[in-house]
Amino acid sequence: MSKPEVAIASGSIKHRRQWLVLSLTLILAVTAVTASIAIGPIKMSFKEVWQILLDKSVEQDVYYQIVWNIRLPRTLVGMLVGTGLALSGAILQGVMRNPLADPHIIGVSAGAGFAAVAALTIIPNFPSSYVPLAAFIGALTSAAIVYGLAWKAGVSPMRLILAGVAVSSLMSAGTSGLLVVFSENVQAVMGWLVGGLAGRSWFHWHQLWPYIAVAGTISLFTGRQINILLLGDEMATGLGMRVERIRVLLIALASILAAAAVSVAGLIGFIGLIVPHIIRLLSGSDYRFLLPASALAGGSLLVLADIGARMVMDPIELPVGVLTAAFGAPFFLYLLRRGQKH
Amino acid sequence: MILGAKNLTLSYESSIIVPQLNLFIKPQEVVTFIGPNGSGKSTILKALARFLKAKNGVVYLNGQDIQTLSTKQVAQKLAILPQTPQAPADLTVLELVSRGRAPHLKWWQRSSSHDYEVINWALTETKTMKLADRLVGTLSGGERQRAWIAMALAQSPEILLLDEPTTYLDICHQLEIMELVTKLNQELGLTVVMVLHDINQAARYSHRLIALKKGQIVAQGSPQQILTAELLADVFRVKAIVKSDPESGNPVCLPYGIAESCSECLS
Ligand SMILES: Nc1ncnc2c1ncn2[C@@H]1O[C@H](COP(=O)(O)OP(=O)(O)O)[C@@H](O)[C@H]1O
Ligand SMILES: [Mg+2]
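**Details of the overall build of chain B**
Next, step 1: Helix and strand content of chain B: ten helices and twelve strands.
Next, step 2: Here the C-alpha radius of gyration of chain B, 19 Å, is about what a compact globule of 267 residues would show, namely 18 Å.
Next, step 3: Each principal axis of the C-alpha atoms in chain B carries an extent, and together these give about 60 × 40 × 35 Å.
Next, step 4: When burial is assessed residue by residue, chain B has 51% of its 267 residues classed as buried.
Next, step 5: For chain B, the share of sequence-separated contacts (at least 6 apart) that also reach a separation of at least 24 residues comes to 64%.
Next, step 6: A gap of 6 Å separates the mean positions of the 26 positive and 24 negative side-chain charges of chain B.

Here's what the structure looks like:
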């Protein structure tokens, strides 16, 4: 006997939808990348973009320089940052079984912010190229503290959230304190705190991609585990899962992904919260699809938001974090109201 | 002994809920825990399913200390249905039941045709085949409980632990679940350890009853042996008439009032 009849019938409807959403996010990603390279003070057609990307023989061209040295790295960094945040959010929402969880909840952002600000304010002449490293270390340290505080013969999602809130508040207070005490440095810090992709280059790409590539690839294989975890700790144990071990692994992955993202692009809100929600609305909560689709959609949406950030008030660039918040917050409220009906 | 416990002491934080429990469960036996709320029934079931680590003592599965077995090995032998299981809102019955195969799959393996065979079988046994496409969240209480049992069956276990499988169901659906449990026990030789609130159902569908009070076994044995008015007064603090069911010979009890010993809990 092979698959039951019903398995084929039900599989086809839901599966077709999941694959459709995954394909659409892929198309969205390619479109977003192309558009982000094409749009700017000097406009290009999509066709020209791909000609320049694929044909190396035009290196002298000014278009070639714009694409390869300015827009492509910025776009790719945006893709990685969005991917990291969305994957991190999706994983944490699964681990916590809480749709409101996002990378900020485990203290990653506040930790990154505190470390970056501390480095820039306290240490004289701190080289700005080391800010991402400081932020990354701060983010992971903060996540580790949160995990440690939540630990008590295992980590319950509720304690994790509470510890995250507490540590985040403390770190944010510390950040504010530093900004007041060292107010002369505020300007240098502010740009990083608000979050953005302005001026992001191959340098940032090189810092970012190894973390996202490794942690991202591993996390794509955790879909089935998260699916089991969604049935509750007791059930997951009953189904033979080493719940605590898997949970540590998942939180570590989510922390690395988010830490890498915020260390390079600053505090960008809502991508990690909203993107997994959108995908869940479209194709359901099966994490085997939710993870890859969120990864692609997260990168795409951040890159699209960045196009907006560059264009809305041209010639002034808005930080992309402002745009993600401007669109994310209303959508979040919509989700809340929608949730209340059920 | 397929499942057992020796000097098992269970606690949450520092308060001891179950002191020094000894338990022997024979293969293909249907054993039911009865006892008032908070007497530690769920706690014992959780410990038998290795979810709750013992403060002291050992749980044995097929003669081996359950904590020394890998949780996956245990999951292939023993399935538990908690009191209030949870599932994502958009999970279909088929997907839920498929999750039951998890203990038999390595993380990189996809479901094989054998897995689908088992899933198919579990759906058929529990009469949930026609619900396979439905969302778990939209099922009626009885349907949902059968779907969860189907998931447990998909684990192809030897032992099934059920925590109050009939609570919240109307009487017909309660009996439906009990008949299903009996069938699984008789036809598949499944060992069943469960918690029931309805004493008459416990008496009718179990080989052995274990009466608990404050985490301790007050009496155990066949329903005929142990179900007496004295026991009900002692364990549940109710006055009851206990008669023998003329059809099956099982004891039936009819509580009609609160026992003297409970006067302090009324004030
Ligand atoms: N997670 C827990 N933490 C602390 N105490 C608990 C927990 N679960 C149950 N208890 C306590 O353990 C006792 C036994 O509970 P339980 O095993 O659920 O009883 P039953 O299933 O017989 O109603 C109760 O007093 C209850 O308050
Ligand atoms: Mg209970």
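**As for the interface of chain A and chain B**
Next, step 1: Counting from both sides, the interface comprises 29 residues of chain A and, opposite them, 39 residues of chain B.
Next, step 2: Buried area between chain A and chain B, summed over both chains or domains, comes out near 2,900 Å², and the portion from carbon and sulfur atoms is 62%.
Next, step 3: At the junction of chain A and chain B, the tally comes to one salt bridge.
Next, step 4: Measuring nitrogen to oxygen at the nearest pair gives 2.7 Å for the salt bridge that ties Lys14(A) to Glu95(B).

**Observations concerning the site of ligand 1**
Residue and element names in this part refer to chain B.
Next, step 1: Contacts to ligand 1 come from Tyr-12, Ile-17, Pro-36, Asn-37, Gly-38, Ser-39, Gly-40, Lys-41, Ser-42 and Thr-43.
Next, step 2: A distance of 3.1 Å separates an oxygen atom of ligand 1 from a polar backbone atom of Gly-40.
Next, step 3: One of the side-chain nitrogen or oxygen atoms of Thr-43 is found 2.5 Å away from an oxygen atom of ligand 1.
Next, step 4: Here ligand 1 has 560 Å² of accessible area as a free molecule, and 59% of this is covered by the chains.
Next, step 5: With three residues, the top contributor of residues to the shell around ligand 1 is helix α1 (residues 41-48).
Next, step 6: A breakdown of the residues in the shell around ligand 1 according to their chemical character gives three nonpolar, six polar and one charged.

**With respect to the confidence of the model for chain A**
Next, step 1: Residues at a pLDDT of 70 or more form 95% of chain A, whose mean pLDDT is 88.
Next, step 2: When the elements of chain A are averaged for pLDDT, helix α7 (residues 186-194) of chain A gives the smallest value, 75, and helix α13 (residues 287-311) of chain A the largest, 96.

**Notes on the pattern of salt bridges**
Next, step 1: Using the criterion set out here, one finds 15 salt bridges over all chains in the structure.
Next, step 2: The shortest N-O distance in the salt bridge between Glu244(A) and Arg247(A) comes to 3.4 Å. Pair noted here: Glu244(A) and Arg247(A) are both in helix α11 (residues 243-265), with a separation of three residues, about one helical turn.
Next, step 3: A relative accessible area of 23% means that Glu244(A) is categorised as partly exposed.
Next, step 4: In this structure, the salt-bridge partner of Glu29(B) is Arg208(B), at a minimum N-O distance of 2.7 Å.

**Describing the packing of aromatic side chains**
Next, step 1: On inspection of all chains with the given rule, the structure shows seven aromatic pairs over all chains.
Next, step 2: Both rings, one in Trp19(A) and one in Phe289(A), keep their centres 5.2 Å apart while their planes meet at 90°; by these two values the pair is edge-to-face. Separated by 270 residues along the polypeptide, Trp19(A) in helix α1 (residues 5-38) and Phe289(A) in helix α13 bring together distant segments of the chain.
Next, step 3: Ring geometry for Tyr147(A) versus Trp151(A): centroids 6.1 Å apart, planes at 40°, classification tilted.
Next, step 4: On the basis of relative accessible area, Tyr147(A) is assigned to the buried category, the value being 16%.
Next, step 5: Here the basic side chain of Arg204(B) rests over the ring of Tyr205(B), its NZ or CZ set 5.3 Å away from the ring centre.

**Notes on a nonpolar patch on the surface**
Residue and element names in this part refer to chain A.
Next, step 1: Side chains of Leu-26, Val-30, Trp-50 and Leu-54 sit close together on the surface and give an oily, nonpolar patch of about 410 Å² of accessible area.
Next, step 2: For the nonpolar patch, the secondary-structure elements that each account for two or more residues are α1 and α2 (46-54).
Next, step 3: Inspection of the secondary structure assignment puts Val-30 in helix α1.

**Regarding the coordination of the magnesium ion (ligand 2)**
All names here are of chain B.
Next, step 1: The magnesium ion (ligand 2) binds to the protein through Ser-42 (OG) and Gln-83 (OE1); the donor distances cover 2.0 to 2.6 Å. In this pair, Ser-42 is assigned in helix α1 and Gln-83 in the loop between β6 (78-81) and α3 (93-99), connecting sequence segments 41 residues apart.
Next, step 2: Owing to a relative accessible area of 18%, Ser-42 belongs among the buried residues under this scheme.
Next, step 3: By relative accessible area, which is 36% here, Gln-83 ends up partly exposed.

**Side note on a positive patch on the surface**
Next, step 1: On the surface, Arg242(A), Arg245(A), Lys72(B) and Lys106(B) cluster together into a patch of positive charge.
Next, step 2: By the secondary structure assignment, Arg245(A) is in helix α11.

**Digging into the side chain of Thr43(B)**
Next, step 1: Summarising the element assignment, Thr43(B) is placed in helix α1.
Next, step 2: Sequence-distant contacts of Thr43(B), that is, excluding residues within four places in its chain, are made with Leu10(B), Tyr12(B), Ile17(B), Val18(B) and Leu52(B).

**Quick notes on the sheet that holds strand β7 (residues 159-163) of chain B**
All names here are of chain B.
Next, step 1: Here six strands make up an open sheet; going across it, the order is β6-β7-β8-β3-β9-β10 and the pairing mixed. Pairing within the sheet leaves two strands with one partner each, and these edge strands are β6 and β10 (216-221). Averaged over all adjacent pairs, the angle separating strand axes in this sheet is 15°, with direction ignored.
Next, step 2: The strands touched by helix α5 (residues 141-154) within the sheet are β6 and β7, with β6 carrying the most contacts at an inclination of about 160°.
Next, step 3: Running at roughly 155° to strand β8 (residues 191-195), helix α6 (residues 171-188) makes contact with β3 (30-34), β7 and β8 of the sheet.

**A look at the environment of Ala163(A)**
All names here are of chain A.
Next, step 1: One can find Ala-163 in helix α6 (residues 157-181).
Next, step 2: Residue class for Ala-163 comes out buried when judged on its relative accessible area of 8%.
Next, step 3: Sequence separation between Ala-163 and Tyr-211 is 48 residues; the distance between their C-alpha atoms is 25 Å.
Next, step 4: Contact partners of Ala-163, with chain neighbours within four places excluded, come to Val-146, Leu-149 and Ala-150.

**Examining the nonpolar core**
Next, step 1: Membership of the largest hydrophobic core comes to 139 residues, with the highest contact counts inside it found for Val81(A) and Ile91(A).
Next, step 2: In terms of residue count, the dominant contributor to this core is α11(A) (14 residues).
Next, step 3: In this structure, Leu3(B), Val18(B), Val31(B) and Val74(B) belong to the second largest nonpolar core, which totals 30 residues.

**Quick notes on the sheet that holds strand β1 (residues 3-12) of chain B**
Residue and element names in this part refer to chain B.
Next, step 1: Pairing in this open sheet of four strands is antiparallel, and the strands run β2-β1-β4-β5 from one edge to the other. Taken across any chain shown, the strands that pair with only one partner, and hence form the sheet edges, are β2 (15-25) and β5 (64-65).
Next, step 2: In this sheet, β5 lies alongside strand β4 (residues 56-61) in antiparallel orientation, the contact comprising two bridges. Residue pairing for β5: Leu-61 is matched across the bridge by Gln-64.
Next, step 3: α1 rests against β1, β2 and β4 of the sheet, and its axis sits at about 120° to β1.

Rules of the game
Residues numbered from 1 in each chain as written. Chains lettered and ligands numbered in written order. Predicted model: local features only at pLDDT ≥ 70, side-chain atom pairs only at ≥ 80, totals over all residues. Heavy atoms only, no water. Helix = DSSP H or I, 4+ residues; strand = E, 2+ residues; numbered from the N terminus. Rg over C-alpha atoms; globule rule 2.2 N^0.38 Å. Buried < 20%, exposed > 50% of the residue type's maximum accessible area, 1.4 Å probe, protein only. Contact = heavy atoms within 4.5 Å. Lys, Arg positive; Asp, Glu negative; His and termini not counted. Charge placed at Lys NZ, Arg CZ, Asp CG, Glu CD. Buried area = accessible area lost by both parts, 1.4 Å probe. Salt bridge = Lys/Arg side-chain N within 4 Å of Asp/Glu carboxyl O. Near = heavy atom within 4 Å. Polar contact = N/O pair within 3.5 Å; in protein donor to acceptor, adjacent residues only side chain to side chain. Areas by Shrake-Rupley, 256 points an atom, 1.4 Å probe, with all protein chains shown as cover. Nonpolar A, V, L, I, M, F, W, Y, C, P; charged D, E, K, R; others polar. pLDDT = per-residue confidence, 0-100. Phe/Tyr/Trp six-rings, centres within 6.5 Å; stacked < 30°, edge-to-face > 60°. Lys NZ or Arg CZ within 6 Å of the ring centre and 35° of its normal. Patch = residues over 30% accessible without salt bridge, like charges linked within 9 Å, V, L, I, M, F, W, Y side chains within 5 Å. Donors = N, O, S within 2.8 Å, 3.2 Å for Na, K, Ca; no water. Pairing = 2+ DSSP bridges. Axes fitted to C-alpha atoms, helices over the stretch in contact; angles between N-to-C directions. Core = buried A, V, L, I, M, F, W, Y, C linked by side-chain atoms within 4.5 Å.

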